[in-house]
Amino acid sequence: MLVDHVVTATVATVRAGQRVRILDPACGDGRFLVAAAEAVRQAGGVAELTGVDIDLGGLHAAGLLGDVEAIEADALVHDWGSRRFDVIVGNPPFLSQLASATARDGGSRFGGGPYADAAADFLALAVRLAVDDGGRVGLVLPTSLLTARDAGPIRCEVAAHATMEWFWASRDLMFDAAVRTCAIGFRRGAAALLTAAGPSPTIARSAGADFVRIEPVAAPAATPNDHWGWLIADSHGLPPVPPIHAAGTVADHALVTANFRDQYYGLVGAVRDDADGPPLITTGLIDPGRCHWGERSTRFAKQRFDAPRVDRSTLVPFMQRWADRCLVPKVLVATQSRVLEAVVDEAGAWLPAVPVIRVVPNGPESLWQIAAVLTSPVASALIAEQSVGSGLSAATVRVSQRTLGQLAWPAGALTAAVGALRSGDLAACGRAVDAAYGVHDETLYGWWWDHVSHAAADRRRYSGAGDECG
Ligand SMILES: C[S@@+](CC[C@H](N)C(=O)[O-])C[C@H]1O[C@@H](n2cnc3c(N)ncnc32)[C@H](O)[C@@H]1O
């Protein structure tokens, strides 16, 4: 049972006679506290239980009010003073800030962005309330917290003060059909900080209702937005990304821009097959290294087109300015695929549909380099890893303006890769870019090539040949 698993892993070693202060900051009926007390008692220790809940009805009904220091409060705003705990366990509420019924008032008080799940705040609180030297935290959390953009600052703070020790992931949907669940254990303290300089400790992992052990993983040195997607990347079919030699990011070489609703609606009515204007490039027309405009039909705004062009004479002034900014040499990147799909618009002749992302190089020498970097196993795996767990579909990688801009740029030379891409040899481009990252990994390459060579079929399978969204 998950409660016992979390509690056993978190309570860990207790000495005979040791006093163990245990907190559940959202304790409900107190089941984590009861299990933790039992684990401490069995180890010969003495448990002191503190349970917090905005509604103590659960503790009352369970007949635990006498055994537990019960605090009726919002744990996230409660004045904790200098109180600290040896063990903090629980299953805090998952309140997605996107669902208005559960949205909290105001932003995260713990440094998260406006859409950070309340569970991220509970994680930050728990790590702050753990005793400095060796306090342990074990919480059930939504899997989306591993990669959610707005939880990034909280992951950063947690990693700065605590070492992740164990991880469990549900294989199926538990608790709530809309939320995948995981549980993570941390140990706070000086030891955690010491390991930052030394070799990464490995994290014990298990999965599913039967808590089957799976391969431990080591935390990578650094990840964009401090994501923890590497904890579940393999269970989503992603190959591990080996250490890479990086020199800055894509954002050092280019301006990455996404289009949104304004551009979508600004283009509706201006797109025709017989228009005299720039070709409109939809996600469906982009495959790795190849744009199929004019060869493949596509959909835009609920209509099918064979060779869609934009009639600029019908665009309103802000869309005219947008078109001017777009009609420059650039790389266009598809957003609903299993691997990155990038094409070069050397003439600056194409307009991107929504949600195609445009990458405009700082200088002409970077144009093909950018497309080459994006046409590589390492780039695809890095992007895939940081969006894994963010949605219920593991099939498509979430490519965004932000993730593309933060993508590591390879430290090595890209001449061979650019030559290969220009000649249409995607396989050689992928190998050459990986070499520039200092990576030679056949598993990673095989994963990528499988999707590159089936890009069109993949897209039909996973995005249902859907419309470009608004
Ligand atoms: C998902 S339940 C978990 C309860 C318990 N851990 C269990 O497994 O039965 C979440 C609990 O958090 C409480 N809660 C919600 N927001 C809270 C807050 N800001 N501070 C303290 N408790 C809160 C709810 O009242 C509920 O009892």
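Residues numbered from 1 in each chain as written. Predicted model: local features only at pLDDT ≥ 70, side-chain atom pairs only at ≥ 80, totals over all residues. Heavy atoms only, no water.

Examining the overall build of the protein chain
Of the regular secondary structure elements, the protein chain holds 15 helices and 25 strands. Looking at the protein chain residue by residue over its 470 residues, the buried ones come to 53%. Intrachain contacts of the protein chain at a sequence separation of at least 6 include 73% that bridge at least 24 residues. Summed over all atoms, the accessible surface of the protein chain reaches about 20,000 Å², with 54% contributed by carbon and sulfur. (Helix = DSSP H or I, 4+ residues; strand = E, 2+ residues; numbered from the N terminus. Buried < 20%, exposed > 50% of the residue type's maximum accessible area, 1.4 Å probe, protein only. Contact = heavy atoms within 4.5 Å. Areas by Shrake-Rupley, 256 points an atom, 1.4 Å probe, with all protein chains shown as cover.)

Notes on the side chain of Asp345
Relative to the helices and strands, Asp345 resides in strand E21 (residues 342-345). Judged by relative accessible area, which is 2%, Asp345 ranks as buried. At 3.0 Å, the side chain of Asp345 and the backbone nitrogen of Trp350 are in polar contact. Once residues within four sequence positions are removed from consideration, Asp345 is found in contact with Val328, Pro329, Lys330 and Trp350. (Polar contact = N/O pair within 3.5 Å; in protein donor to acceptor, adjacent residues only side chain to side chain.)

Structural notes on the nonpolar core
Trp228, Val331, Val333 and Leu404 are the most contacted members of the largest nonpolar core, which totals 94 residues. In terms of residue count, helix H4 (residues 118-129) provides more of this core than any other element does, nine residues in total. There are two domains that each give this core at least three residues, and those are domain 1 (2-238) and domain 2 (247-463). Not counting the four nearest positions on each side in its chain, Val331 is found in contact with Ala342, Val343, Val344, Ile357, Arg358, Val359, Leu367, Ile370, Ala371 and Leu374. Membership of the second largest hydrophobic core comes to 27 residues, among which are Val20, Phe32, Ala37 and Ala183. (Core = buried A, V, L, I, M, F, W, Y, C linked by side-chain atoms within 4.5 Å. Domains from an automatic or database assignment.)

Describing the packing of aromatic side chains
All chains considered together, the criterion is met by eight aromatic pairs. Ring geometry for Tyr264 versus Tyr265: centroids 5.0 Å apart, planes at 85 degrees, classification edge-to-face. Tyr265 sits in the exposed class, given a relative accessible area of 51%. Summarising the aromatic geometry, the rings of Tyr445 and Trp449 are spaced 6.4 Å apart at their centres and angled 5 degrees between planes, so their arrangement reads as stacked. Here Tyr445 pairs with Trp449, and both are found in helix H14 (residues 442-453), just four residues apart, close to one helical turn. Under the relative-accessibility criterion, Tyr445 is labelled buried at 9%. (Phe/Tyr/Trp six-rings, centres within 6.5 Å; stacked < 30°, edge-to-face > 60°.)

Observations regarding the site of the ligand
By nearness alone, 16 residues border the ligand, and Arg31, Asp53, Asp74, Ala75 and Asn91 come closest of all. With respect to the ligand, the side chain of Arg31 contributes an N or O atom lying 3.1 Å from an oxygen atom. Here the ligand loses 77% of its free accessible area of 590 Å² to cover by the protein chains. Its residues placed into classes, the shell around the ligand shows nine nonpolar, two polar and five charged. (Near = heavy atom within 4 Å. Nonpolar A, V, L, I, M, F, W, Y, C, P; charged D, E, K, R; others polar.)

Structural notes on the packing of helix H12 (residues 415-422) against helix H13 (residues 426-436)
Interaxial distance between H12 and H13 falls to 7 Å at its minimum, and their mutual angle equals 165 degrees. Judged by the angle between their axes, H12 and H13 are roughly antiparallel. Handedness of the H12/H13 crossing: left-handed. Contacts between H12 and H13 pair Ala416, Ala417, Ala420 and Leu421 from the former with Leu426, Ala428, Cys429, Ala432 and Val433 from the latter. (Axes fitted to C-alpha atoms, helices over the stretch in contact; angles between N-to-C directions. Parallel < 35°, antiparallel > 145°, perpendicular 65-115°, else oblique. Left-handed = near helix turned anticlockwise from the far one by under 90°.)

Brief notes about helix H2 (residues 31-42)
Residues lying three or four places apart along an α-helix face the same way, a consequence of the helix completing one turn every 3.6 residues. Here H2 is 12 residues long and its end C-alpha atoms lie 17 Å apart, about the 16 Å a rise of 1.5 Å per residue gives. If you check which residues of H2 are buried, you get Phe32, Leu33, Ala35, Ala36, Ala37 and Val40. Elements in contact with the buried residues of H2: helix H1 (2-11), strand E1 (19-24), strand E2 (46-53), strand E4 (87-90) and strand E5 (136-142). Where H2 ends, the next residue or the one after it, Gly44, has phi of about 90 degrees, a positive value. (Expected span 1.5 Å × (residues − 1).)

Some remarks on H13
H13 sits mainly inside the fold: eight of its 11 residues count as buried. Two residues or fewer past H13, Gly438 is found with a positive phi of approximately 75 degrees.

A short note on the confidence of the model for the protein chain
Chain-level pLDDT for the protein chain is 89 on average; 89% of the residues reach the 70-or-more range. Confidence over residues 173-177 falls short of pLDDT 50; this stretch has 11 contacts with residues more than four positions distant or in other chains. Low pLDDT (under 50) marks residues 462-470, which in the prediction has 28 contacts with non-local residues, meaning those over four places away or in another chain. (pLDDT = per-residue confidence, 0-100.)

A word on the sheet that holds strand E23 (residues 357-361)
In spatial order, the strands read E11-E23-E19-E21; together these four strands make up an open sheet with antiparallel pairing. Each having just a single partner strand, strand E11 (254-258) and E21 make up the two edges of the open sheet. Adjacent strand axes in the sheet meet at a mean angle of 25 degrees when their direction is disregarded. Summarising the sheet, strand E19 (residues 330-333) and E21 pair through four bridges and their orientation is antiparallel. In the strand pairing of E21, Lys330 is matched with Asp345. (Pairing = 2+ DSSP bridges.)

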